[in-house]
Amino acid sequence: MDALSLSFSRIARYASSLKPQIISKITSFYLFIYFAHLLKPLNRKEKMKTSNATIGSILAAIIWADGEFSEVERTTIGEIAEALGLTEKELTMNVQAALVELKNMDEDKATDFAVKHAAKVDDEETGEVFQALLQMALCDNVLTFGEVHNLLALAEALDIDRDAAVLMLCDLVKSEPELEVSFEPDDEE
């Protein structure tokens, strides 16, 4: 466990003895610090340990959830590739290959597919990969029920706390004023 995690554990134990209002403020502050550490800025200088194919498969699951591979999602793949230090051509090919695999899957099988690949992500890169998934889910300015379902399943597979994943998603949604949120299950749209 790194020093930041140890500090967070000590703070959580101390905070449990405080009044709820104080806990909320302290916890929010230290969660922010913790996730700032977890979500290191993209634009890597060193090579990713997680394979390009693994990242492509997980991104494909997010694309699959909204039912179309739009031009803005294709552009976002290039941006993600650049930020993660991957080749755009190879990442695009891996996404397309995974979309072919996902094509005839139902939601449960697609989620299993994504979770299986998420489990292969290097522990040190989970924050960066989840940040890329969030970027992909929001790039078309529509957040669907299926995308949220997949994001939360992937967060769990990446060992990111569900509550923290929801807060990260809320933070990004807040920064996208034009975002349309669909509360309808994808199969009823």
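My aim in this report is to walk through the structure given alongside it, one point at a time. Fair warning: this is a prediction, and the values are worked out from it, not measured in the lab.

Thresholds, definitions, all that
- Residues numbered from 1 in each chain as written.
- Predicted model: local features only at pLDDT ≥ 70, side-chain atom pairs only at ≥ 80, totals over all residues.
- Heavy atoms only, no water.
- Salt bridge = Lys/Arg side-chain N within 4 Å of Asp/Glu carboxyl O.
- Helix = DSSP H or I, 4+ residues; strand = E, 2+ residues; numbered from the N terminus.
- Buried < 20%, exposed > 50% of the residue type's maximum accessible area, 1.4 Å probe, protein only.
- Core = buried A, V, L, I, M, F, W, Y, C linked by side-chain atoms within 4.5 Å.
- Contact = heavy atoms within 4.5 Å.
- Phe/Tyr/Trp six-rings, centres within 6.5 Å; stacked < 30°, edge-to-face > 60°.
- Lys NZ or Arg CZ within 6 Å of the ring centre and 35° of its normal.
- Patch = residues over 30% accessible without salt bridge, like charges linked within 9 Å, V, L, I, M, F, W, Y side chains within 5 Å.
- Areas by Shrake-Rupley, 256 points an atom, 1.4 Å probe, with all protein chains shown as cover.
- Lys, Arg positive; Asp, Glu negative; His and termini not counted.
- Charge placed at Lys NZ, Arg CZ, Asp CG, Glu CD.

1. Side note on the pattern of salt bridges
(1) Moving on: Following the criterion strictly, the structure yields two salt bridges and no others.
(2) Moving on: Two residues, Lys-49 and Glu-124, come together in a salt bridge whose shortest N-O distance is 2.9 Å. One end of the pair, Lys-49, is in the loop between helix H2 (20–38) and helix H3 (52–65); the other, Glu-124, is in the loop between helix H6 (107–118) and helix H7 (126–138), with 75 residues separating them in the sequence.
(3) Moving on: For Lys-49, a relative accessible area of 53% gives the class exposed.
(4) Moving on: By relative accessible area, Glu-124 is classed as exposed at 52%.
(5) Moving on: Between Lys-174 and Asp-171 there is a salt bridge, with the nearest N and O atoms lying 3.3 Å from each other. Of this pair, Lys-174 and Asp-171 both sit in helix H9 (residues 162–174), three residues apart, which is roughly one turn of that helix.
(6) Moving on: Residue class for Asp-171 comes out partly exposed when judged on its relative accessible area of 45%.

2. Some remarks on the nonpolar core
(1) Moving on: Core analysis: the largest hydrophobic core is formed by 45 residues, its most contacted members being Leu-91, Val-95, Phe-130 and Leu-133.
(2) Moving on: Contributing elements (two or more residues each) for this core: H3, helix H4 (71–84), helix H5 (88–102), H6, H7, helix H8 (145–157) and H9.
(3) Moving on: Of all the elements, H7 adds the most residues to this core, at eight residues.
(4) Moving on: Discounting chain neighbours no more than four positions away, the residues touching Leu-133 are Ile-58, Leu-59, Ile-62, Leu-151, Leu-154 and Leu-158.

3. Details of the packing of aromatic side chains
Aromatic ring pairs: the centre-centre distance and the angle between the two ring planes describe each pair.
(1) Moving on: Applying the stated rule across the entire model yields zero aromatic pairs.
(2) Moving on: Between Arg-74 and the ring centre of Phe-69, over which it is positioned, the NZ or CZ distance is 4.1 Å.

4. Some words on a negative patch on the surface
(1) Moving on: Together, Asp-106, Glu-107, Asp-108 and Asp-112 give the surface a local cluster of negative charge.
(2) Moving on: With respect to the helices and strands, Asp-112 occurs in helix H6.

The analysis is restricted to geometry; functional conclusions fall outside its scope.
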